[in-house]
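# An overview of the molecular structure
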Amino acid sequence: TTTATDFKVADLSLAAFGRKEITLAEHEMPGLMSLRKEYADAQPLAGARITGSLHMTVQTAVLIETLVALGARVRWASCNIFSTQDHAAAAIAVGPEGTPDNPQGVPVFAWKGETLEEYWWCTEQALTWPDAATGGPNMILDDGGDATLLVHKGVEFEKAGAVPATTDEDSEEYGYILALLRRTLSATPQKWTQLASEIRGVTEETTTGVHRLYEMQQEGTLLFPAINVNDAVTKSKFDNKYGCRHSLIDGINRATDVLIGGKVAVVCGYGDVGKGCAESLRGQGARVIITEIDPICALQAAMDGYQVATLDDVVETADIFVTTTGNRDIIMASDMQRMKHQAIVGNIGHFDNEIDMAGLAKIPGIVKEEVKPQVHTWTFPDGKALIVLSEGRLLNLGNATGHPSFVMSNSFTDQTLAQIELFTKPEEYPIGVYVLPKHLDEKVARLHLDALGVKLTTLRPEQAAYIGVKVEGPYKPDHYRY
Ligand code: NAI
């Protein structure tokens, strides 16, 4: 264990509660726990300084302590202002051996309800390693790409020798990033360049962050190799789908407790997340309508038995709206003006630009009232009100506790194996974006079978030869889609 002299969490006295939930979660995370056993002696992450930017939940606590058990030192921030579970953050700061009076855990900078300015400060703290020669990490574990973005922007402006002035076009959030980088540029002019020079790579958790990485690769601006963890089969086909199938309605229920059965629910986007969301709403008896731009996903939705329509056609009659696209401007203020009284509006995609919250706030005479944290009514001048969840940020983490442990065990076992790959085999990964090799993907699935009582059939050698695979796998070609 490292001795944490620096951290910032909401309330250290929550650590004992956090520790109890971490202990329960460990049992539900067989993938991570078996990596702890497998690598106890080898310590493949010894020497790794990992900066993590990922929702600071109970499940993430088990990931952090797995990385430490494999030899890494870790600093952490959450990747969303509402997603931290304060008891999990406290338990991580205190550590299994420490007490609230004598915290001995991992430096963590995260609390539920950060301001955007605090959020970027936390990200900077997680990236700042006081005792490292470069002042920074040598590995990043990212979710949505904000830690990676800060390093890349920092290097870009240091090269240019100046941080551009903030303009009216810039979002409030980008304004904070620019202000932060202006401060570092004047205090430590080579901070980000120096720090980036020693980063062996980043492992990225989610669709949206992966999208940013491929963009940087194409532009030629990517500074270090990256593993796209999202597109491991055991990640996106499980976490995005079955995770959201669980946590979407958990968020809606905790926020509103409205009966979902019989209601009309619109799910915008029928990718992995949309498929899970649609299934969970249908499971509760809602009549689900899908919107899509991709003919393949639209056809899938239709064949799965959903009505596929445009938002325009159904916006006045539906009761619940969920955006899952990872795209911007999906539900605009003009759409919300047409919705029914007490329609529920929420987003489960990574960023808060799917729902036009800024446009909603600008409607003359509109009144926003807090019902409870992360649940607001927006009342129009004519008396009609909408219920908006988590201010348009991902509602499963803002209104509930995100995905449950078992599914996150898959994602985080992928993350841990990806960290080991990039940290221990830098020569095999020149700058670029990679997915986990398939044998590791299959390994992650295999580690989760026993807990569910799954008995796998063993391929006979002549069968293996007939379909052209090895008895021990991999069983599918890389282009297979599952
Ligand atoms: P995906 O790419 O599989 O699905 C997105 C779908 O939205 C695509 O099928 C696309 O065609 C569709 N789409 C794009 N623009 C649209 C528009 N204007 N109208 C209707 N549909 C549109 O991506 P995935 O994996 O489903 O992820 C979606 C988002 O959710 C990403 O931002 C991702 O980072 C995030 N995510 C959130 C999680 C959570 O726990 N809240 C978990 C996993 C992913």
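Residues numbered from 1 in each chain as written. Predicted model: local features only at pLDDT ≥ 70, side-chain atom pairs only at ≥ 80, totals over all residues. Heavy atoms only, no water.

The subject of this paragraph is the sheet that holds strand S15 (residues 433-435). One open sheet accounts for 7 strands, arranged S3-S2-S1-S4-S5-S6-S15; its pairing is parallel. Two strands in the sheet have a free side with no partner beyond their single neighbour: strand S3 (108-109) and S15. Bridge count between strand S2 (residues 73-77) and S3: 2 bridges; the pairing is parallel. Residue pairing across strands places Trp76 opposite Val108, the latter belonging to S3. Relative to the sheet, helix H3 (residues 58-69) contacts strand S1 (49-53), S2 and strand S4 (139-142), its axis offset from that of S2 by approximately 160°. (Pairing = 2+ DSSP bridges. Helix = DSSP H or I, 4+ residues; strand = E, 2+ residues; numbered from the N terminus. Contact = heavy atoms within 4.5 Å. Axes fitted to C-alpha atoms, helices over the stretch in contact; angles between N-to-C directions.)

Our focus in this paragraph is the pairing of strand S11 (residues 344-347). The alternating pattern of S11 places Ile344 and Gly346 and Val345 and Asn347 on opposite faces, both of which are buried. In terms of strand pairing, strand S10 (residues 320-323) meets S11 through 4 bridges, oriented parallel. Bridge assignment links Phe321 to a residue of S11, and that residue is Val345. The pairing of S11 with strand S14 (residues 385-389) spans 2 bridges and is parallel. (Buried < 20%, exposed > 50% of the residue type's maximum accessible area, 1.4 Å probe, protein only.)

What follows deals with unusual backbone geometry. Going from Gly473 to Pro474, the amide bond is cis rather than trans, its omega being -5°. Along the chain, the position of Pro474 falls in the segment after helix H19 (461-467). At Asp329, a position not held by glycine, the phi torsion is positive, near 55°. Its identity as a non-glycine residue notwithstanding, Gln374 has a phi of 70°, on the positive side. For Gln374, the location among the structural elements is in the loop between strand S12 (367-372) and strand S13 (375-379).

Moving on: the pairing of S14. Of all 5 residues making up S14, 5 are buried, and the element is well covered by its neighbours. Side chains Ala385, Ile387 and Leu389 of S14 all project onto a buried face; the interleaved residues Leu386 and Val388 project onto the opposite face, where all are buried too. Inspection of the sheet shows S13 paired to S14 by 5 bridges, in the antiparallel sense. The residue of S14 that forms the bridge with Val375 is Leu389. Remark: 5 residues form the turn of the hairpin made by S13 and S14, two consecutive strands paired antiparallel; Gly383 in that turn has positive phi of roughly 100°.

This part takes up the sheet that holds S10. Overall, mixed pairing links the 8 strands, which are arranged S9-S8-S7-S10-S11-S14-S13-S12 in an open sheet. Lying at the two open borders of the sheet, with one neighbouring strand each, are strand S9 (307-308) and S12. Helix H10 (residues 233-256) rests against S10, S11, S12, S13 and S14 of the sheet, and its axis sits at about 130° to S14.

As a packed pair, H3 and helix H17 (residues 405-424) sit with axes 10 Å apart at the nearest point and diverge in direction by 30°. With respect to their mutual orientation, H3 and H17 come out roughly parallel. Every pair of crossing elements has a handedness; the one defined by H3 and H17 is right-handed. Along its contact with H3, which presents Gln59, Thr60, Leu63, Thr66 and Leu67, the element H17 presents Ser405, Met408, Phe412, Thr416 and Gln419. (Parallel < 35°, antiparallel > 145°, perpendicular 65-115°, else oblique. Left-handed = near helix turned anticlockwise from the far one by under 90°.)

What follows deals with the packing of aromatic side chains. What the rule picks out here adds up to 6 aromatic pairs. Across the ring face of Trp111, the terminal group of Lys8 is positioned such that the distance to the ring centre comes to 5.1 Å. Above the plane of the ring of Phe380 lies Lys384, whose end atom (NZ or CZ) is 4.6 Å from the centre. (Phe/Tyr/Trp six-rings, centres within 6.5 Å; stacked < 30°, edge-to-face > 60°. Lys NZ or Arg CZ within 6 Å of the ring centre and 35° of its normal.)

Glancing now at the site of the ligand. Taken together, 25 residues are adjacent to the ligand, and Thr206, Thr207, Thr208, Glu292 and Asn396 come closest. Measuring from an oxygen atom of the ligand, one finds a side-chain N or O atom of Thr206 at 2.6 Å. Measuring from an oxygen atom of the ligand, one finds a backbone N or O atom of Val273 at 2.8 Å. For the ligand, whose free accessible area comes to 870 Å², the fraction covered by protein is 85%. Only helix H9 (207-219), H10 and helix H11 (272-283) provide two or more residues apiece to the shell around the ligand. In the shell around the ligand, the residues fall into 6 nonpolar, 15 polar and 4 charged. (Near = heavy atom within 4 Å. Polar contact = N/O pair within 3.5 Å; in protein donor to acceptor, adjacent residues only side chain to side chain. Areas by Shrake-Rupley, 256 points an atom, 1.4 Å probe, with all protein chains shown as cover. Nonpolar A, V, L, I, M, F, W, Y, C, P; charged D, E, K, R; others polar.)

Positionally, Thr323 belongs in strand S10. On the basis of relative accessible area, Thr323 is assigned to the buried category, the value being 0%. Considered as a pair, Thr323 and Val273 are 50 residues apart in the sequence and their alpha carbons are 9.5 Å apart. Setting aside residues no more than four positions away along its own chain, Thr323 makes contact with Cys268, Ile330, Ile331, Gly346, Asn347, Ile348, Gly349, Glu354 and Ile355. At a separation of 2.9 Å, a polar atom in the side chain of Thr323 contacts the side chain of Asn347.

Right, let's get into H3. The end-to-end C-alpha separation of H3 is 17 Å, in line with the 16 Å expected for 12 residues at 1.5 Å each. Taken together, the buried positions of H3 are occupied by Val58, Gln59, Thr60, Ala61, Val62, Leu63, Ile64, Glu65, Thr66 and Leu67. (Expected span 1.5 Å × (residues − 1).)

The residues that UniProt annotates with the feature "domain: S-adenosyl-L-homocysteine hydrolase NAD binding" (unreviewed entry) are residues 240-402. For residues 240-402, the end-to-end C-alpha separation is 11 Å, with 34% helix and 22% strand making up the annotated structure. (UniProt positions renumbered as here; feature names shortened; annotations may be inferred.)

Burial of helix H4 (residues 86-94) is extensive: 9 of the 9 residues sit out of reach of the surface. All buried positions along H4 are accounted for by Asp86, His87, Ala88, Ala89, Ala90, Ala91, Ile92, Ala93 and Val94. Those residues of H4 that are buried are in contact with helix H1 (15-27), H3 and S3. Following H4 by one or two positions, Gly95 adopts a phi angle in the positive range, close to 80°.

Let's shift gears to the packing of helix H6 (residues 146-160) against helix H7 (residues 172-187). Between H6 and H7, the shortest axis-to-axis distance is 10 Å and the interhelical angle comes to 55°. Judged by the inter-axis angle, H6 sits oblique to H7. Regarding H6 and H7, the two cross each other, and that crossing is right-handed. Facing H6, whose interface residues are Leu149, Leu150, Lys153, Gly154, Phe157 and Glu158, H7 presents Tyr174, Ile177, Leu178, Leu180, Leu181 and Leu185. The residue makeup of the contact of H6 with H7, split by class, is 9 nonpolar, 1 polar and 2 charged.

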